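Residue-level listing of the chains:
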Amino acid sequence: MDVKAMKDRLLELVSVFEDKESELTELDRAIGDGDHGVNMVRGFKALPDHIDDSSMQNLFKSTGMTLMSNIGGASGPLYGFSFVKMSQVVEDDIDNENVKALLQAFSEAIAQRGKVSLNEKTMYDVIERANEAVRNGEKVDMEKLQSFANATKDIEATKGRASYFKADSVGFVDPGAQSSVYILNALIGED
């Protein structure tokens with residue numbers, strides 16, 4: 001995938017998040033503060049004015065910086081930092097090997113910045129499982145990504161605002177896990 005194709009995918013996330021805003025808000029209202037949908041829309045709406053597509057590295061870095069400064073809550077720094085980290089390993093033409101490097105960088109960035117591990121009901125549960133699946137040669141499509149997010153329903157949150165809900169967090173998909181489905185699908189999904 002070249003810079004133009006990736007830019008189109010990233011800009012398409014504006015309409016994806018506009019479409020999914022109420023869903024993300026409902027999930028966040030159940031186990032958070034109810035602003036995840038609004039924040040994701042705000043972050044990606046700022047992208048067209050700030051994106052630098054002069055190279056794949058600049059595309060990822062400018063995306064990261066824009067998300068960092070426009071998405072509120074914990075998600076802005078997490079997603080923003082991840083895109084900046086991915087900009088350090090992305091190649092001008094993303095192939096299967098580069099996808100592995102991108103997912104590894106994404107996963108490590110979330111683990112490092114969020115101080116999280118698997119099964120804590122966070123976006124990391126989707127990102128690391130996608131990383132593992134790609135490394136194992138599995139096809140990672142929207143359905144598989146959604147299954148990773150759905151698995152967070154059964155986990156009691158131990159990180160972030162959702163952790164305040166303790167056992168009451170069980171039964172809800174983590175909002176960050178759900179938003180990461182859409183971001184990952186843009187990054188690695190097949191057309």
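Bear in mind the structure is a predicted one, so any value in this text is a computation, not a measurement.

Trainee: When you look at the packing of helix 1 (residues 3-31) against helix 2 (residues 36-45) in this model, what are you seeing that I'm missing?
Mentor: A pair of packed helices can be characterised by two numbers: the angle between their axes and the separation between those axes. The geometry of helix 1 relative to helix 2 is characterised by a closest axis approach of 6 Å and an angle of 165° between their N-to-C directions. Put simply, helix 1 runs roughly antiparallel to helix 2. As for how helix 1 packs across helix 2, the hand of that crossing is left-handed. Of the residues in helix 2, those in contact with Leu 10, Leu 13, Val 14, Phe 17, Glu 18, Glu 21, Leu 24, Thr 25 and Asp 28 of helix 1 are His 36, Gly 37, Val 38, Met 40, Val 41, Phe 44 and Lys 45. Partitioned by chemical class, the residues of the contact of helix 1 with helix 2 number nine nonpolar, three polar and four charged.

Trainee: I tried to follow the side chain of Thr 66 on my own but got confused; where do I start?
Mentor: With respect to the helices and strands, Thr 66 occurs in helix 4 (residues 56-70). From its side chain, Thr 66 meets the backbone oxygen of Ser 62 in a polar contact 2.7 Å long. Sequence-distant contacts of Thr 66, that is, excluding residues within four places in its chain, are made with Gly 43, Ala 46, Leu 47 and His 50.

Trainee: Sorry, what's going on with the packing of helix 6 (residues 96-114) against helix 7 (residues 123-135) here?
Mentor: Relative to each other, helix 6 and helix 7 sit at 150°, their axes nearing to 9 Å. Overall, the two elements helix 6 and helix 7 adopt an arrangement that is roughly antiparallel. In this structure, helix 6 crosses over helix 7, and the sense of that crossing is left-handed. Residues Val 99, Lys 100, Leu 103, Gln 104, Phe 106, Ser 107, Ile 110 and Ala 111 of helix 6 pack against Met 123, Tyr 124, Ile 127, Glu 128, Ala 130, Asn 131, Val 134 and Arg 135 of helix 7. Residues belonging to the contact of helix 6 with helix 7 are distributed by class as follows: 10 nonpolar, three polar and three charged.

Rules of the game
- Residues numbered from 1 in each chain as written.
- Predicted model: local features only at pLDDT ≥ 70, side-chain atom pairs only at ≥ 80, totals over all residues.
- Heavy atoms only, no water.
- Axes fitted to C-alpha atoms, helices over the stretch in contact; angles between N-to-C directions.
- Helix = DSSP H or I, 4+ residues; strand = E, 2+ residues; numbered from the N terminus.
- Parallel < 35°, antiparallel > 145°, perpendicular 65-115°, else oblique.
- Left-handed = near helix turned anticlockwise from the far one by under 90°.
- Contact = heavy atoms within 4.5 Å.
- Nonpolar A, V, L, I, M, F, W, Y, C, P; charged D, E, K, R; others polar.
- Polar contact = N/O pair within 3.5 Å; in protein donor to acceptor, adjacent residues only side chain to side chain.

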